[in-house]
Amino acid sequence: MNKSRNLKIGGALTVLLLLSALLPAGQAEAVDNNQVAVALPEFSVRLNGMEINNQYAQYPLLVYNNITYFPMTYYGSRYMGVETTWSRENGVGIHQNGVRWNWHDYKRYLPNGKNGVATINTGTIRVNNQLIDNSQEDYPILSFRDVTYFPLTWRFAVDEFGWTYQYSPKDGLSIQSPGAITANEITLPIKAYENGVGAFVKAGDYYYYEGERGVIWQAPVAQPGRAKKVYQLPVSKQPSDDGSRYCRPVLQLKQGIVLLTYQQQEADGLATHYIQLLTDGVAQELYQGQGSLHCYEDLQLLCEQNDVTGKGTLQIKRKGNEAFHAVSTTDFYCVGDTFYCVGTEILFLGDTGSAASRTAQKSKIMAVDYKTGAVRQISSDNATFFTTEDELVYYLDRKHQLYQISLSNGKSKRIATGTPATQLVVLQGTICYVDEASGELRVLGSDSNPNPGGIVSSMEVQEDFFVVNFSDESTSAYKTMILSRKGKVLFKTTERTASMIIENGKVSFVKLRD
């Protein structure tokens, strides 16, 4: 993702409009010391090349003390590449996000008067996480029609947000926000839960999402309104924490396969159902049982855990084969549910020996060749976490120190992270990891913290990008970030999001309800 590429960001569950009462047109006077007289600009205003109709705008640009003020509405701020947040605990926050959303008009039918009254904001205000003492500002942040208004001074517009602006008596005021990354928003009728939203994924030319009454829908990206039903979830046989009547599904895109999973109580225990959703609307069940299924381009991998020892066995099914069978005649077991397919080898944590053995579990990095059945040990140490990139394996040992091993020659080396890590992702040699002590994001080799106060809840690689989500316990306002393969922050948002999908350079995500 670079600044010359347009990104379309969509899939918002709800559209939040800032609604307020209209103020009458006409002359207005300040009522107390906290109110100030403002006026409409007597010159034309262009934002990112588009002329703004201030006369009929519900939230027009204003002039106070000879400085132009910009309305930080939900869409207006995002059109200029920033976001606004508000809460009783933290007050108003204004944050740069690096993405320009489409313009959205807030129109009124009656024309605005030339003058009005605004209020100096007395609450807590932060700009890019920096606390602002509004009482000491020569050009304070204002409130007009219940919307925050921001002064277009050099300090804020240029230094904080990187905007450029120019003025001439002939052409008026022109303001340009940086970057060419653009975004738009669509609305899909995704089911809402008390603790989140329903399942969603984007795959190629289609959206797949969970609607009401347990229905899974497939909708063309080009025409989201023309959705068709592709699967009916069964009624759940077990009580649900969220009060849902139907089994709660998960939708994922795995190796180009749209995979629907859900759990159902069966006679022999809790079973997981794996269903592949095809583009023609056909739903094909791949497996149901107590194991975990992993799909790759030309094979399926099934891990079944021994309930007594906690150790797992692996079976595979190649394309065209009817049944799962043991991947090797050599005794070995796996622990956890992390697998990577590199060439003809499947990498996992475990050791040699029987899965039924009650001996202590070991978590060395192992590999089994699914064509020959050959089993080999990759690491001599036990690992708590591992990932791969090409012919390299990266893992954390029991002390959470990072190591790298070559699959081709077996050479191992320690990589100094400065502080112990708990998880990591790798993209073209760039390593993002989670600091064990703080839970914050780190980029190896960089002294800067991409999101101070942000506690990582998940991170992954999608295409050429890092996608990082932060928990609600974070003190940082940013909840999701997309980083380039060099570790540079390209997109950040204060929105609570779910199911972020990057495909062919386009980003789709579902926005959670506030």
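A brief look at the structure comes next. (Residues numbered from 1 in each chain as written. Predicted model: local features only at pLDDT ≥ 70, side-chain atom pairs only at ≥ 80, totals over all residues. Heavy atoms only, no water.)

### Re the overall build of the protein chain
Quick note on the threshold: Put simply, DSSP marks the helices as runs of H or I at least four residues long and the strands as runs of E at least two long, and each gets a number from the N terminus on. Note on classification: 1.4 Å probe, protein chains only; a residue is buried when its accessible area is under 20% of the maximum for its type, exposed when over 50%, partly exposed between these limits. When checking whether two residues touch, look at their non-hydrogen atoms; a contact exists if any pair is within 4.5 Å. Accessible surface area values rest on a Shrake-Rupley calculation with a 1.4 Å probe, where residue burial reflects the displayed protein chains alone. His is not counted here, nor are the chain ends, while Lys and Arg score as positive and Asp and Glu score as negative. Working definition for charges: the position is that of NZ of Lys, CZ of Arg, CG of Asp or CD of Glu.
Across its full length, the protein chain holds two helices and 47 strands. Each principal axis of the C-alpha distribution contributes one length, and for the protein chain these read about 85 × 50 × 40 Å. When the 514 residues of the protein chain are sorted by exposure, 51% land in the buried category. Partitioning the intrachain contacts of the protein chain with sequence separation of at least 6 by distance along the chain shows that 47% fall at a separation of at least 24. When the accessible area of the protein chain is evaluated, it comes to approximately 25,100 Å², of which 46% is carbon and sulfur surface. Taken as two groups, the 48 positive and 52 negative side-chain charges of the protein chain have centres that lie 3 Å from each other.

### Quick word on the packing of aromatic side chains
For the record, the criterion: Any Phe, Tyr or Trp ring, taking Trp's six-membered ring, that has another such ring centre within 6.5 Å forms a pair; planes under 30 degrees apart are called stacked, those over 60 apart edge-to-face, and the others tilted. Look at NZ for Lys and CZ for Arg. If either is within 6 Å of the ring centre and within 35 degrees of the ring normal, a charge sits over the ring.
Under the defined criterion, the tally for this structure stands at 18 aromatic pairs. Ring centres 5.0 Å apart and planes at 55° place the aromatic pair Phe 150 and Phe 156 in the tilted group. Residue classification places Phe 156 among the buried residues on the basis of a relative accessible area of 2%. Taking the centre distance of 5.3 Å and the plane angle of 80° together, the rings of Tyr 340 and Phe 386 count as edge-to-face. Residue Tyr 340 is located in strand 32 (residues 340-342), and its partner Phe 386 is located in strand 35 (residues 375-389); the two are separated by 46 residues in the primary sequence. When the ring centre of Tyr 74 is taken as reference, the NZ or CZ atom of Arg 78 above it lies at 3.9 Å. We note Lys 311 situated over the ring of Tyr 333; from NZ or CZ to the ring centre the distance is 4.4 Å.

### Here we look at the pairing of strand 21 (residues 215-220)
Here is the rule we go by: Note on pairing: two strands pair once DSSP finds at least 2 bridges between them.
Here strand 20 (residues 206-210) runs beside strand 21; their pairing, made up of five bridges, is antiparallel. Counterpart to Tyr 208 in the pairing with strand 21 is Gln 218. Here strand 20 folds back onto strand 21 in antiparallel fashion, the turn holding four residues, of which Arg 213 has a positive phi close to 60°. As judged from the four bridges shared by strand 21 and strand 22 (residues 228-232), these two strands associate in the antiparallel manner. If you follow Val 215 over to strand 22, its bridge partner there is Gln 232.

### Digging into the nonpolar core
The condition that has to hold: Definition of nonpolar core: a set of buried residues of the types Ala, Val, Leu, Ile, Met, Phe, Trp, Tyr and Cys, connected through side-chain atoms within 4.5 Å.
Counting residues in each nonpolar core, the largest one holds 23 residues, and the members touching the most others are Leu 47, Phe 70, Phe 150 and Trp 163. For this core, the secondary-structure elements that each account for two or more residues are strand 2 (45-47), strand 7 (91-96), strand 10 (125-127), helix 2 (154-160) and strand 15 (172-176).

### Description of the sheet that holds strand 2
The strand order across the open sheet formed by four strands is 3-2-15-14, and the pairing between neighbours is mixed. Of all strands in the sheet, those with a lone pairing partner are strand 3 (50-51) and strand 14 (164-168), marking the two edges.

### Section: the pattern of salt bridges
Going by this rule: For this document, the term salt bridge refers to a Lys or Arg side-chain nitrogen within 4 Å of an Asp or Glu carboxyl oxygen.
The full count for this structure, using the stated rule, is seven salt bridges. Residue Glu 51 pairs with Arg 46 through a salt bridge whose shortest N-O separation is 3.5 Å. The partly exposed category is assigned to Glu 51, whose relative accessible area is 47%. By relative accessible area, Arg 46 is classed as partly exposed at 35%. A salt bridge links Lys 191 to Glu 212, with the shortest nitrogen-to-oxygen separation between them at 3.4 Å.

### Observations concerning the sheet that holds strand 45 (residues 489-493)
For clarity, the threshold we go by: Axes here refer to lines fitted to C-alpha atoms; in helices the fit is confined to the stretch in contact. Angles between the N-to-C directions go from 0 to 180 degrees.
Here four strands make up an open sheet; going across it, the order is 42-43-44-45 and the pairing antiparallel. Since the sheet does not close on itself, it has two edges, and those belong to strand 42 (456-462) and strand 45, each with one partner. Pairwise comparison of adjacent strand axes, ignoring direction, gives a mean angle of 15° for this sheet. Note that strand 42 and strand 43 (residues 465-470) share six bridges and pair antiparallel.

### Quick notes on the side chain of Ser 471
Summarising the element assignment, Ser 471 is placed in the loop between strand 43 and strand 44 (480-483). When sequence neighbours within four positions are dropped, the list of residues in contact with Ser 471 reads Ile 455, Ser 457 and Lys 479.

### Overview of unusual backbone geometry
Despite not being glycine, Asn 48 shows a phi value in the positive range, around 50°. Position of Asn 48 among the secondary structure elements: in the loop between strand 2 and strand 3. For Asn 48, a relative accessible area of 12% translates into the label buried. If you check the backbone angles, His 400 has positive phi at about 65° while not being a glycine. Positionally, His 400 belongs in the loop between strand 36 (392-397) and strand 37 (402-406).

### Quick notes on the environment of Gly 445
Positionally, Gly 445 belongs in the loop between strand 41 (441-443) and strand 42. Taking the relative accessible area as the measure of exposure, Gly 445 reaches 81% and is therefore exposed. On a C-alpha basis, the gap between Gly 445 and Thr 430 in space is 8.7 Å, while along the polypeptide they are 15 residues apart.

### Some points on the environment of Tyr 69
Rules: A 3.5 Å cut-off defines polar contacts: any pair of N or O atoms within that distance qualifies, except that in protein one atom must be a possible hydrogen donor and the other a possible acceptor, and neighbouring residues in sequence count only when both atoms are side-chain atoms.
Its place among the elements puts Tyr 69 in strand 5 (residues 67-71). Separated by 80 residues in sequence, Tyr 69 and Tyr 149 place their C-alpha atoms 5.8 Å apart. Beyond its immediate sequence surroundings of up to four residues, Tyr 69 is in contact with Leu 61, Leu 62, Tyr 64, Tyr 139, Pro 140, Leu 142, Tyr 149, Phe 150 and Pro 151. Of note is the side chain of Tyr 69, whose polar atom sits 2.7 Å from the backbone oxygen of Pro 140.

None of this, on its own, says anything about what the molecule does.
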